[in-house]
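# Working through the structure, step by step
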Amino acid sequence: MIVQKTRRITGMTLPRTDQMQLDQFYEQMEHAASKEIGYPVAFDFDYSALAPFLSFSLNNAGDPFMPMTYLLNSHEFEREVVSFYAQLTRAPTDQWWGYITNGSTEGNLYGLYLARELLPEGIVYFSQDSHYSVGKNLHFLNMRHIMIRSTPNGEIDYDDLRETLRIRRDAPPIIFANVGTTMKEARDDIGRIRSILDDLAIESRYIHCDAALSGGYAAFLEPPPAWDFADGADSIAISGHKFLGSPIPCGIVLARQAHVDRIGHSVAYIGSIDTTISGSRNGFTPLILWYAIRSLGLEGMRDRAKKSLAMAAYAEKMFKQAGIEAWRNPQALTVVFPEPPGEVREKWQLASANGYSHVICMPHVRREQIDELISDIRQAGGGCA
Ligand SMILES: *Cc1c(COP(=O)(O)O)cnc(C)c1O
C-alpha cells in the first residue's frame, strides 16, 4: 500500500448541500450499474489501489517512447500496455508503434489519418454496420469513401466489396474493417479481404481494423478471427473501457512503424515527438490498463473471455427457451433479439436499431440479470419479431 504523504492541499471540502448532491449521484450510479447489460462495457474492476495517483497532474503529452521534459508522466506504463497489445495483435517485432488514446473513435481517426498520409488519393471502404463515428472521422479528414453493403449477420458483403473495388481500380483502397460491429458483433475477415485485394492485383492498399469491441478478447477466441497484424492489418484500434474495463474511457491504437514515421514532427516545447492526435494526454488511464493487465495476467484475461462467452451462450439458450427469437454471431458476446417494449428497454438500458435490441455479456453480467430481463420481456408481451 502507498502511504499518502501530507502534501495535500486543504480547502477543497464541499458545502453540505453539494456533498448531498454527490451522495445522491453515487446512489443513482449504483442502481444504474446494477441494471446495465446493454452496452459493451465491463464493470468487474477495482482500481482503488490507484487512487493515490489522483493527487498528481499526470500528463502523457507526446510520444510515449520518447523522453519528456515534464516528469509527471506515466509513459513507462503506457509503453508496457501497448507492448502487451502489440504481442496480442502479433505486431511485427520492433516494427510497430502505438499509444493510449481516449477511445477507439480516436484510434480509428489515427488509423485513417495514417492511411490518408500514405495514400492521399485513396478511397475508404467500410460496411453499413460500421460505428457511427466513422462518418464523422471521414468528414474530419475529408477522405473519399464508399459504403459497402452488409450481410444480415452484420458482416461486410465480400461480393459487394469485390465488385466495387474492381470498378474503382484507379484509386488505392483503404479498408476500414470491423472486428465486432456495434449492434451485432460481426467480424469482417481481414484474411478474406486481403485475398480479394490480391486477386484483383491491388498492391497499393491499407487495412485499418476497428477492434473497439472485440479487440479486448479476439486473441483468446478459439479459433481467433482474422483481425491482427499477422493477418494483414496496417493499424488497429481497441477500446480499453469496453472488455478490459476502465472507469475512464480509453483505448489502444497500434500501427506499423513505417506508417507512423511519415507523420512525426519534433516539438521543442515538450522535448518530444508529436506523433499523437491530442496534445495533453491522459496519464491516469495507462495506469488503469497496466493494472488490469498485470493483475489479470494472460490466463486471467483468457478466463474472463471464456466465462463471458459461456454467459452469452446461456442467454441465447434461455431466450430461445422462452420463445424469443434470439441469435448471435459465432463466438460473440452479443445476443440479438427483437426490440422489446419501451419500459423494458429503459430499465435495462438496451440500445436498439431497425427493430432489434441486444444484450452484451460483458464479464459483470450475471445469470439472474438475464433471467429477470427475459421475464420482463415475457410480462410486457414482447419477444416476437
Ligand atoms: C465503441 C465502438 C467504437 C467507438 O469507440 P469509443 O472507444 O467509444 O470511442 C468504434 N467502433 C466500434 C465497432 C465500437 O464498438
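Residues numbered from 1 in each chain as written. Predicted model: local features only at pLDDT ≥ 70, side-chain atom pairs only at ≥ 80, totals over all residues. Heavy atoms only, no water.

## Overview of the environment of Gly 135
Mapped onto the fold, Gly 135 is located in helix α4 (residues 133-141). It is 23 Å that separates the C-alpha atoms of Gly 135 and Ser 204, two residues lying 69 residues apart in sequence. (Helix = DSSP H or I, 4+ residues; strand = E, 2+ residues; numbered from the N terminus.)

## Quick word on the environment of Arg 79
Checked against the element boundaries, Arg 79 lands in helix α2 (residues 75-88). Residues Arg 79 and Lys 242, 163 residues apart in the sequence, show an inter-C-alpha distance of 20 Å. Excluding residues within four positions of it along the chain, Arg 79 makes contact with Pro 64 and Phe 65. (Contact = heavy atoms within 4.5 Å.)

## Things to note about the packing of α2 against helix α9 (residues 285-321)
Where α2 meets α9, the axes come as close as 8 Å, and the angle between the chain directions of the two elements is 35°. Read as a crossing pair, α2 and α9 show a hand that is left-handed. Contact residues: Phe 77, Glu 78, Glu 80, Val 81, Phe 84, Tyr 85 and Leu 88 in α2; Pro 286, Leu 287, Leu 289, Trp 290, Ile 293, Arg 294, Leu 298 and Met 301 in α9. By residue class, the composition of the contact of α2 with α9 is 12 nonpolar, no polar and three charged. (Axes fitted to C-alpha atoms, helices over the stretch in contact; angles between N-to-C directions. Left-handed = near helix turned anticlockwise from the far one by under 90°. Nonpolar A, V, L, I, M, F, W, Y, C, P; charged D, E, K, R; others polar.)

## Some remarks on the sheet that holds strand β5 (residues 206-210)
Strand order in the open sheet formed by seven strands is β1-β7-β6-β5-β4-β2-β3, and the pairing between neighbours is mixed. Only two strands of the sheet have a single partner each, and these edge strands are β1 (96-101) and β3 (144-148). In this sheet, neighbouring strand axes are inclined to one another by 15° on average, regardless of whether the strands run parallel or antiparallel. Bridge analysis of β1 against strand β7 (residues 251-256) gives six bridges, and the strand direction is antiparallel. The partner of Ile 100 across the bridge, within β7, is Ile 252. Those strands touched by helix α6 (residues 190-199) are β4 (173-178) and β5, and its axis lies near 160° from that of β4. (Pairing = 2+ DSSP bridges.)

## Observations concerning the domain arrangement of the chain
Here the chain is partitioned into domain 1 (37-46 + 298-378) and domain 2 (54-293). Placing a centre on the C-alpha atoms of domain 1 and another on those of domain 2 gives a separation of 27 Å. Contacts between the two partners involve 27 residues from domain 1 and, on the opposite side, 25 residues from domain 2. Buried area between domain 1 and domain 2, both sides added, is near 2,300 Å², and the carbon and sulfur share of it is 64%. (Domains from an automatic or database assignment. Buried area = accessible area lost by both parts, 1.4 Å probe.)

## Topic: the packing of aromatic side chains
Both the distance between ring centres and the angle between the ring planes are used here to describe each pair of aromatic rings. This structure, assessed with the given rule, holds 11 aromatic pairs. Judged by centre distance (5.6 Å) and plane angle (45°), the rings of Trp 97 and Tyr 99 are tilted. A relative accessible area of 0% means that Tyr 99 is categorised as buried. Ring pairs connect the aromatic residues Phe 45, Tyr 47 and Tyr 291, which therefore count as one cluster. Above the face of the Phe 243 ring, Arg 304 is positioned so that its terminal group lies 4.8 Å from the ring centre. Over the ring of Tyr 314 we find Arg 367; its NZ or CZ atom is 4.1 Å from the centre of that ring. (Phe/Tyr/Trp six-rings, centres within 6.5 Å; stacked < 30°, edge-to-face > 60°. Buried < 20%, exposed > 50% of the residue type's maximum accessible area, 1.4 Å probe, protein only. Lys NZ or Arg CZ within 6 Å of the ring centre and 35° of its normal.)

## Details of the site of the ligand
Every one of the 13 residues lining the ligand counts as a neighbour, but Ser 104, Thr 105, Asp 210, Ser 239 and Lys 242 are closest to it. Between the ligand and Thr 105, the relevant distance is 2.7 Å, taken from an oxygen atom to a side-chain nitrogen or oxygen of the residue. Lys 242 is positioned with one of its side-chain polar atoms (N or O) 2.8 Å from an oxygen atom of the ligand. Taken together, the residues of the shell around the ligand break down into two nonpolar, nine polar and two charged. (Near = heavy atom within 4 Å. Polar contact = N/O pair within 3.5 Å; in protein donor to acceptor, adjacent residues only side chain to side chain.)

## Some points on the nonpolar core
Tyr 85, Leu 161 and Leu 165 are the most contacted members of the largest nonpolar core, which has 60 residues in total. No other element matches α9, which puts eight residues into this core. When residues of this core are assigned to domains, at least three fall in each of domain 1 (37-46 + 298-378) and domain 2 (54-293). (Core = buried A, V, L, I, M, F, W, Y, C linked by side-chain atoms within 4.5 Å.)

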